[in-house]
Structures are given as structure tokens and as C-alpha cells.
Amino acid sequence: MKPEQLRNQILCADLVWIPLALAAEQAVCSKLHSCQLPLGPSNFVVYVVCTVFSWVLLSENMHLDGFRGGWRLSALVSHLLLAVALLMVLLLAVENVSGRYAGRLTLSLFSLFLLIGFLAIRWFALKTVLRRYQKGNVHRVVILGSDRLATELAAKFNHHPDLCCEVIGFLCPGAEASATRPRQQPAAGAATVSTMEVIGLLRQHNVDELVMSHAPASNEILNLVALCRQQAIRVSLIPQPYELYLSRPILLDLGGLPLLQLGEMGSPASGRIGKRLMDIGLGFVLAASLLPIVLVCGATLRWFTGHAFRWERRIGWRGAPFSMLRLNVDHNPQNGSRFERLLWQLSISELPQLWNVLRGEMSLVGPRPEGPARAHFYSSWQQQRLSVKPGITGLAQVHGLREEHASEDKTRHDLQYMLHPSLLKDLSLLIETIWTLLLRVIQIPKRTVAPKPTQGMVPQPISYSPITQPFPEMLQHAHRTQSGSD
């Protein structure tokens, strides 16, 4: 089953569930003898039609199938919550404009039934996909390369179970393998074969596709690609340098020569104005509601440390420095008090930055600002994250990346966010941030203890698994021997 077919089936199941959910809500209200008047046949049809039409538009714009962008439960729940909330706002508008009374109780129960059904549909779709992995009915993939990009590519495959691809190993020349593991023993299950035996090795493991994580740099690799195509092994290639993906690529065919055009991505003025209005409106609401928490925490810190707040120098939009306000708590305060570790763990120490949002120096959602010491060593690729206002939270933060992580790792997520900016995505990330903080609350007892330092640890071979189903570790590396170099 292709990913497009899976997404269409999920959408069809959603559309079937919509009238069933409204009928179930009517049945529950009648059994509870609610004072809410039942919907007449004409009103029932009108609300179903409006819901179906709106859900088709929301599904296409918000990628509500749950698989696009990688399967993550937190992202799925936040997207569905936001979409159902927008749907209820639309139905309330229909009620007020048309005069077709439905009632708040009807719409509330209807939204609850919709949310439960939509989650169940996607859970069933995930179980169906994972069942294919258990049966071995998957597309077997080998990645040509063993560097960081190859590892990231394998992880991307595993975050997309809808592709039904099983990464069974890596294939790389001996020189590359020795360069990537100069002090380590060969991985368990590694194979050393000559170049002419590579195709036989791929056929032995029933490989369906060879994915090249770097551009072919030798005639040997070109010959390998030609042999794969002759053996009906599909070949895919990541365009290089792939770090330029902060643009929408357009593939042109110039007489058989593929040309990949990378156009500049710029946020329209309307989008910037809308984002600023959301920052002011929602930022003011959050600042007013969270002010008591900030004041209590600040007073406690002043009692124990002598200072409630601190200003930290950060690099913001277009490289302009600014002073970021936060509670007087160190980053990752392993030697601090339990109270300080709690403030850092739940990101309560970052709440005063709502002041920076209201001043226009930051946004609610965007790349986290870093200090001048880090920003000074930004590469040209990393400097692209400075083309938008920094934020209190962002895509990198909901993926678990914080101050102690490398700027390069965070930049990949930040650029992915900047590629398709929208207010709906910002609202979804804010909801997902709440989910992330709730998970931190659960993990507080075991994460507030400072980890013990380890020395001499040798990285283990990476094994990949889609969600919770483990892949069998088969082929790890096939190295070109010296005897086969001729």
C-alpha cells in the first residue's frame, strides 16, 4: 500500500465516522433524557455536510493523517485537538448565521466523539501498518554510506512506518568504513566482499532498494548503480548538498539532464503580521494567566539565591543582540537545589520571556535564541535560523532538544519549521509543548539526578525499528576489499 493510499483511506474513514459520531451523540442525549432538543433531519444533514467539507480542507492543510512528517503521538494529538477545536468554531458560526440551533451540549459531545473516533482510526491504521512489518511484507532497503547523513536517513525511515521500508543495513567502501570507525572493531554481522559480489549480497538479503546518501564519487559506484538497475533493485539518491532544503525544489528535465532548482523561501508580509498579532494577543493572555506562577517562583528564588530574575545576552532576528529575561536558574542545574531543577525541567524558568514576546524581540514559536559565543561560530547554513524571530518554543524543543544539544541538530528542525510556516503550525506546536512538559513531569523522579560520567564507552552498532517493532539485524557493512579494487 502506498502512503497516498493510506492517507486517502484514513480520510475516507474520517468522513464515514462524522455522521456516525453525530448520530451517536443524539442517541446518548436521548438516553440521558437531556433537555437538549434533538436535531431534525434537515439540521442533521446540514451539520454533517458542513463538517465533512470542513474536515476535508483541514485534513489537507494540517496533514491530519498522522503519518506525514513522521509518526509522533504528541504531534498527532495536538493536530487533531486543534483541528476539532477549529471545526467546532465553524459549526458555532454556522449555527449563529443560519439560525439552525444545535446547542452547546450537542456540539461539545459531537466534538468529543469525533476526537475519540479520529484517534481510534489512526491507531488502527498504525496497527495495520505494523502488522505488515511483523509478517515481513515490507520494502527492504540498504543505504549506501555510513556517515551521519546515512544514520539520519535510517532514522527518518523508521519514523515513517507508512512507507513500509525496512532498513537492513549500510553499504560503504572500505576506505569510508575505516574512516568512520578508525578505533572500533567491525560491527557484528559485518561482511567483507569484493565489488563484484555486492549484487549477489544484495540479492541474498532480498534487497528491494539501494538509497545513496551521498552523490556518486567514483566509477565503481556508478557501475554498482547500473548493476542494481539491471537486477530490478530500485536506486534512490539524496540531492547534495541536502542541507539546502530551506527552499522548495523544482525538478527540471533539460534534455535528459535533471536540474534541481532551489528557490528562495520568504514569509509573506501577511504571514508576519498575523504571527505578530497572535504573539501579542496570545502572549498577553498567557502572561496574565501565568504571572502568579512567575511571581511565586521569583520570590522563592530571591529568598534562596538573592535574585529572582536574570538577563542573558542572546542573538535574535537578523543577528541583532538582545537581552532575554528568565528566572535566576542555571541551565541544566545538576548542582542546584531540587526546586531549581524542577523549574528548569518544566521550563518554568523560561516563562518571563513572554515579556520579550510582547516587546517584539521574540515570538511564541520559533528557533530558540543562543548566546553570542555559539552564534559567532555559526556556519552560513546555520545562520539561516536567524532569518526569523527566535521563539520560546519550537520544533526542536518538542523533539527533546534543549540548550545542551548541538546547534547543528537544532538547526535541522528549525529549518524544517521555517520551510512551511503557518499560524496553525504555531498553535499545534504550542499544544505539543504542553504535551512535552507533561511527559517531563512524569520523568522528573529519574531525570533530576545527575548522570554518572562514563569513560571509554564504545558506540554500539545502530539497530533501527519502526515504532515498537524491532527489525532483525542482518547486513551491517559490505566493504570493498583490496583484491577487488581492480
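Placed above this text is the structure.
Residues numbered from 1 in each chain as written. Predicted model: local features only at pLDDT ≥ 70, side-chain atom pairs only at ≥ 80, totals over all residues. Heavy atoms only, no water.

As paired elements, strand E8 (residues 309–315) and strand E9 (residues 321–327) share seven bridges and run antiparallel to each other. Bridge assignment links Phe309 to a residue of E9, and that residue is Leu327. Linking E8 to E9, which pair antiparallel, is a turn of five residues; within it Arg318 sits at a positive phi near 60°. (Pairing = 2+ DSSP bridges. Helix = DSSP H or I, 4+ residues; strand = E, 2+ residues; numbered from the N terminus.)

Let us look at the sheet that holds strand E4 (residues 209–212). Pairing is parallel across the open sheet formed by four strands, whose spatial order is E2-E1-E4-E5. Of all the strands in the sheet, just strand E2 (165–171) and strand E5 (234–237) have a single pairing partner and so form its edges. The sheet shows a mean angle of 25° between the axes of neighbouring strands, direction not considered. In this structure, strand E1 (residues 139–144) lies alongside E4, joined through four bridges in parallel fashion. For Val141, the partnering residue across the bridge sits in E4 and is Glu209. Sheet strands touched by helix H8 (residues 219–230): E1, E2, E4 and E5. Its angle to E4, the strand with the most contacts, is close to 155°. (Axes fitted to C-alpha atoms, helices over the stretch in contact; angles between N-to-C directions. Contact = heavy atoms within 4.5 Å.)

A separate point is the side chain of Glu25. Inspection of the secondary structure puts Glu25 in helix H1 (residues 3–31). Despite its burial, Glu25 pairs with no opposite charge; the closest candidate is Arg104, at 13 Å N-O. A polar contact of 3.5 Å, which involves the side chain of Glu25, links it to the side chain of Thr106. Setting aside residues up to four positions removed in sequence, Glu25 forms contacts with Leu105, Thr106, Leu109, Phe110 and Phe113. (Buried < 20%, exposed > 50% of the residue type's maximum accessible area, 1.4 Å probe, protein only. Lys, Arg positive; Asp, Glu negative; His and termini not counted. Salt bridge = Lys/Arg side-chain N within 4 Å of Asp/Glu carboxyl O. Polar contact = N/O pair within 3.5 Å; in protein donor to acceptor, adjacent residues only side chain to side chain.)

With that settled, consider a nonpolar patch on the surface. On the surface, Ile250, Leu252, Leu254, Leu257 and Leu259 cluster together into a nonpolar patch covering about 430 Å² of accessible area. Elements with a contribution of two residues or more to the nonpolar patch: strand E6 (249–254) and strand E7 (257–262). By the secondary structure assignment, Leu259 is in strand E7. Judged by relative accessible area, which is 34%, Leu259 ranks as partly exposed. (Patch = residues over 30% accessible without salt bridge, like charges linked within 9 Å, V, L, I, M, F, W, Y side chains within 5 Å. Areas by Shrake-Rupley, 256 points an atom, 1.4 Å probe, with all protein chains shown as cover.)

Looking now at the packing of helix H3 (residues 73–98) against helix H4 (residues 104–135). One can describe the packing of H3 onto H4 by two numbers: an axis separation of 10 Å at closest approach and a directional angle of 150°. Taken together, the axis directions place H3 and H4 in an arrangement best described as roughly antiparallel. For the pair H3 and H4, the crossing hand works out as right-handed. Where H3 approaches H4, its residues Leu76, Val77, Leu80, Leu81, Val84, Leu87, Met88, Leu91 and Leu92 are matched on the opposing element by Arg104, Leu107, Phe110, Ser111, Leu114, Leu115, Phe118, Leu119 and Arg122. In terms of residue class, the contact of H3 with H4 is built from 15 nonpolar, one polar and two charged. (Parallel < 35°, antiparallel > 145°, perpendicular 65-115°, else oblique. Left-handed = near helix turned anticlockwise from the far one by under 90°. Nonpolar A, V, L, I, M, F, W, Y, C, P; charged D, E, K, R; others polar.)

Our focus in this paragraph is the environment of Tyr47. Note that Tyr47 resides in helix H2 (residues 41–62). The class of Tyr47 is buried, set by a relative accessible area of 2%. Each C-alpha atom of the pair Tyr47 and Leu91 lies 7.3 Å from the other, and the pair is 44 residues apart in sequence.

Applying the stated criterion across every chain, the model contains two aromatic pairs. Centroid distance Phe67 to Trp71: 5.0 Å. Interplanar angle 40°. Geometry classified as tilted. The class for Phe67 is buried, based on a relative accessible area of 1%. By relative accessible area, Trp71 is classed as buried at 10%. If you follow Arg402 out to its NZ or CZ, it ends over the ring of Trp344, 4.0 Å from the centre. (Phe/Tyr/Trp six-rings, centres within 6.5 Å; stacked < 30°, edge-to-face > 60°. Lys NZ or Arg CZ within 6 Å of the ring centre and 35° of its normal.)

Turning our eyes to something else, we now look at the pattern of salt bridges. Taken as a whole and judged by the stated rule, the model has 21 salt bridges. Here Glu350 makes a salt bridge to Arg326, at a shortest N to O gap of 2.7 Å. One end of the pair, Glu350, is in the loop between helix H10 (338–345) and helix H11 (354–359); the other, Arg326, is in strand E9, with 24 residues separating them in the sequence. The two residues Glu350 and Arg326 agree in class, both being buried.

Here we take up helix H14 (residues 407–419). Under the 1.5 Å per step criterion, the end-to-end length of H14 is 18 Å for 13 residues, consistent within 8% with the ideal 18 Å. Burial runs high along H14: ten of the 13 residues are buried. Taken as a whole, H14 has its buried residues at Ser407, Lys410, Thr411, Arg412, His413, Asp414, Leu415, Tyr417, Met418 and Leu419. (Expected span 1.5 Å × (residues − 1).)

One broad trend across soluble globular proteins is that nonpolar side chains are buried collectively. Membership of the largest hydrophobic core comes to 37 residues, with the highest contact counts inside it found for Trp55, Phe110, Leu114 and Phe118. Listed by contribution, the elements that provide at least two residues to this core are H1, H2, H3 and H4. For this core, the element with the most residues is H4, which contributes twelve residues. Setting aside anything within four residues of it in sequence, one finds Phe118 in contact with Asp14, Trp17, Ile18, Trp55, Leu80 and Val84. (Core = buried A, V, L, I, M, F, W, Y, C linked by side-chain atoms within 4.5 Å.)

Looking now at the state of the cysteines. Throughout the structure, instances matching the rule amount to zero disulfides. Between Cys164, a free cysteine, and Cys165, which holds the nearest cysteine sulfur, the sulfur-to-sulfur gap is 7.5 Å. Overall, Cys164 belongs to the buried group, its relative accessible area being 5%. (Disulfide = S-S within 2.5 Å.)

Our next topic: H3. Taking 1.5 Å of rise per residue, 26 residues should cover 38 Å, and H3 covers 37 Å from first to last C-alpha, within 8% of that figure. Remark: Gly99 follows H3 within two positions and exhibits a positive phi of approximately 80°.

On to the environment of Gly117. Looking at the element boundaries, Gly117 is found in helix H4. Residue Gly117 is classed as buried on the basis of its relative accessible area of 9%. Each C-alpha atom of the pair Gly117 and Trp17 lies 6.9 Å from the other, and the pair is 100 residues apart in sequence.

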